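# Understanding the architecture of this molecule
So you can see what is in the structure, the chains are spelled out below.
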2 protein chains.
Amino acid sequence: MIRTPYLLFLGDAPDQLAAKVAQGIRDWRPELALGQLRMAGCKADLGLDEMSVRQAVDAGAKTLVIGVANRGGVISDAWKEVLVEALEAGLDIASGLHNLLRDEPDLVAAARANGRELHDVRVPERDYPVATGKPRPGRRCLAVGTDCSVGKMYTALAMEREMRARGMNADFRATGQTGILITGNGVPLDAVVADFMAGAVETISPDNDADHWDLIEGQGSLFHASYSGVTMALIHGGQPDALILCHEPTRAHMRGLPDYQLPSLEELRDLALTLARVVNPACQVVGISVNTANMAEDEALACLADIETRMGLPAVDPYRQGAGRLVDALQRI
Amino acid sequence: MIRTPYLLFLGDAPDQLAAKVAQGIRDWRPELALGQLRMAGCKADLGLDEMSVRQAVDAGAKTLVIGVANRGGVISDAWKEVLVEALEAGLDIASGLHNLLRDEPDLVAAARANGRELHDVRVPERDYPVATGKPRPGRRCLAVGTDCSVGKMYTALAMEREMRARGMNADFRATGQTGILITGNGVPLDAVVADFMAGAVETISPDNDADHWDLIEGQGSLFHASYSGVTMALIHGGQPDALILCHEPTRAHMRGLPDYQLPSLEELRDLALTLARVVNPACQVVGISVNTANMAEDEALACLADIETRMGLPAVDPYRQGAGRLVDALQRI
């Protein structure tokens, strides 16, 4: 559990894209984004109040989040100066960098000396049990994709926002590093030991009110040879009542696997439903989220209409159209 | 890679069952089992030559394998005395115990002082890459089960033995601790980090001769909510050409999951084949291995005949009948 709210550290980001983790927090949890700290030469800007470490602490910030990729995989001395200052001022630090904070002796020493925490969200912060497979009160929705990186996290966050706007009882449950930094908790599922993957998913979507929805962040794809085991654990640990199929229609092959074609949405529907019904016989596919970022508006709308007719399910691009129709579909089951 | 041959340490085993790891080595790799070392009060006996550490070293042993479960999860002082003696005499030690050798400071010190290795086969000894999904020369067979612990390892080892007896080019590939101790190498798949599970399976069944068969040890079950992700990684990393379905007909519910019924063999066939064909479109289900240990002979034979008719595939209990008909089926594809 990462303490909130955050000071978003943009460092010396070379462009806006390098700060996409910070942008995700700004977009999806604006109430947690107290301000931004930019160093000399920073080319990213979230439009937040500029704050020094001291100003952020005075404003109530609890954690400095490294919201930017580091260059060349090195945590530079220039960064270190700010990070040590933050620890000394009473902030924890959270990071999704590949190089871990805990491997930097000066940061570890400063954290210890000041009683602060270093959160490396790429690695699990706790042990998880073996999954029990027991039904849990409350309802759960999981996005599954024809491929990796087709918009599963975006879809779940957009649905959460829409559901909360409607007064529904809903929580996004992060299973990857960006999602964890956005919400302040979750599990980096791809870094969990095999035997405990499904148990980790059970843990982050526990017993809840009967009308509560967990929107569990999907990972990988059942059809992706490298990561399908993680997706399987999400389905069997998540026990979803509802599945959203996610797809990117212009992709030429599976991400990182040039010899693999994407499955059809029909194949994904049939396989995901078969697997989900092992743990939840009532599970249904309720809608389709299509990432049309690479298509012009008219092409995108035609594609969505075609998929909707073919599959007999609402098909939307939540980025263009919002997630309203996906939430409508959830409310019908 | 564990150095062979072995001295099998039976310690103070309270009964024969407690020495089942040693029994597995004795049964499946008798050429690796040079002798047995039994302490006072040992109730297990493999019928091997009794050897002291010194006699085993003189006979050419390279590794002492702890072939027995320890009582109460403690590596006792009485054991320690023998283990330190083995390290000092030039033997490595291999163990599948839950408590790790590496967590025992006196063993670590003795290993270091004598330049010897401690193999804890419950934890991976190396890092594994992300799976590439690329086709590999050579052929592969994987056993998949309706449940956990239905005889997948036994089936693969029995097939390996039969294939070698026929002069075929075949290797059992261990994916669990007992299999690793039996063969001296493999991966403890349930202890691998999620992102690298399928890559670990690719690593242990690499490019090979066109006529070579890997018999990959199965784990878990696609229908077992706790461990299905591991099974998925075996299918997508293993890229099997042939699947053997494994089943235990008398089981009342999924192992450890009292509320879950076993799937039918038809359900297992359809699901496993769908998943395997994602990575190997030519994959076929070639036979069925039925564990009839809990049935009388006539009941077992009737059950096998029924399954064979129903499924249109050879159905055998390799323990009662040998694996010949399963190997015949492999040779036909």
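Residues numbered from 1 in each chain as written. Chains lettered and ligands numbered in written order. Predicted model: local features only at pLDDT ≥ 70, side-chain atom pairs only at ≥ 80, totals over all residues. Heavy atoms only, no water.

### Overview of the pairing of strand β10 (residues 284–290) of chain B
Residues and elements named next belong to chain B. For β10, the buried fraction is high: six of the seven residues fall into the buried class. In the sheet, strand β9 (residues 242–247) pairs with β10 via six bridges, with the strands oriented parallel. Within β10, the position partnered with Ala242 by the bridge is Gln284. Taking the sense of rotation as the criterion, the β-α-β connection linking β9, helix α9 (residues 265–279) and β10 turns out right-handed. In this structure, β10 lies alongside strand β11 (residues 315–316), joined through two bridges in parallel fashion. Among the inter-strand pairings, Ser289 is bridged to a residue of β11, identified as Val316. (Buried < 20%, exposed > 50% of the residue type's maximum accessible area, 1.4 Å probe, protein only. Helix = DSSP H or I, 4+ residues; strand = E, 2+ residues; numbered from the N terminus. Pairing = 2+ DSSP bridges. Right-handed = clockwise from strand over helix to strand, strands pointing away.)

### Comments concerning the pattern of salt bridges
If you walk through the whole model with that rule in mind, you get 42 salt bridges over all chains. A salt bridge links Arg140 of chain B to Asp214 of chain B; the nearest nitrogen and oxygen atoms lie 3.4 Å apart. A residue pair is termed long-range when its members are at least 10 positions apart, and Arg140 of chain B in strand β6 (residues 139–145) and Asp214 of chain B in strand β8 (residues 213–216) qualify at 74 residues. Residue classification places Arg140 of chain B among the buried positions, given a relative accessible area of 2%. The exposure class of Asp214 of chain B is buried, given its relative accessible area of 0%. Note that Glu308 of chain B is salt-bridged to Arg325 of chain B, the shortest N-O span being 2.6 Å. Residue Glu308 of chain B is found in helix α10 (residues 297–311), and its partner Arg325 of chain B is found in helix α12 (residues 324–332); the two are separated by 17 residues along the sequence. One network of salt bridges, with partners in common, ties together Arg29, Arg140, Glu160, Arg164, Asp171, Arg173 and Asp214 of chain A. (Salt bridge = Lys/Arg side-chain N within 4 Å of Asp/Glu carboxyl O.)

### Some words on the interface of chain B and chain A
Opposite the 32 residues of chain B that make contact, chain A presents 32 residues. Both faces combined, the contact of chain B with chain A buries some 2,600 Å², and carbon together with sulfur accounts for 63% of it. Applying the counting criterion to the chain B and chain A interface returns zero salt bridges. Summed over the shared surface of chain B and chain A, the number is 10 residue pairs in polar contact (both at pLDDT 80 or more). At the level of elements, α7 (197–204), α8 (228–238) and α9 of chain B are the ones that each hand at least two residues to the side of chain B that touches chain A. Each residue belonging to the side of chain B that touches chain A can be placed in one class, and the counts come to 21 nonpolar, nine polar and two charged. (Contact = heavy atoms within 4.5 Å. Buried area = accessible area lost by both parts, 1.4 Å probe. Polar contact = N/O pair within 3.5 Å; in protein donor to acceptor, adjacent residues only side chain to side chain. Nonpolar A, V, L, I, M, F, W, Y, C, P; charged D, E, K, R; others polar.)

### Some words on α10 of chain B
Residue and element names in this part refer to chain B. With 15 residues, α10 should cover 21 Å at 1.5 Å per step; its first-to-last C-alpha distance of 21 Å lies within 8% of that length. Within the span of α10, buried status applies to Ala300, Cys303, Leu304, Ile307 and Met311. Projected onto a plane normal to the axis of α10, the buried residues spread over an arc of 100° and lie on a single side. The exposed residues of α10 that point more than 90 degrees off its buried face are Asp298 and Thr309. Packing partners of the buried residues in α10 comprise β9, α9, β10, β11 and α11 (318–321). Positioned one or two residues after α10, Gly312 has a phi angle of 65°, which is positive. (Expected span 1.5 Å × (residues − 1). Arc of directions from axis to C-beta.)

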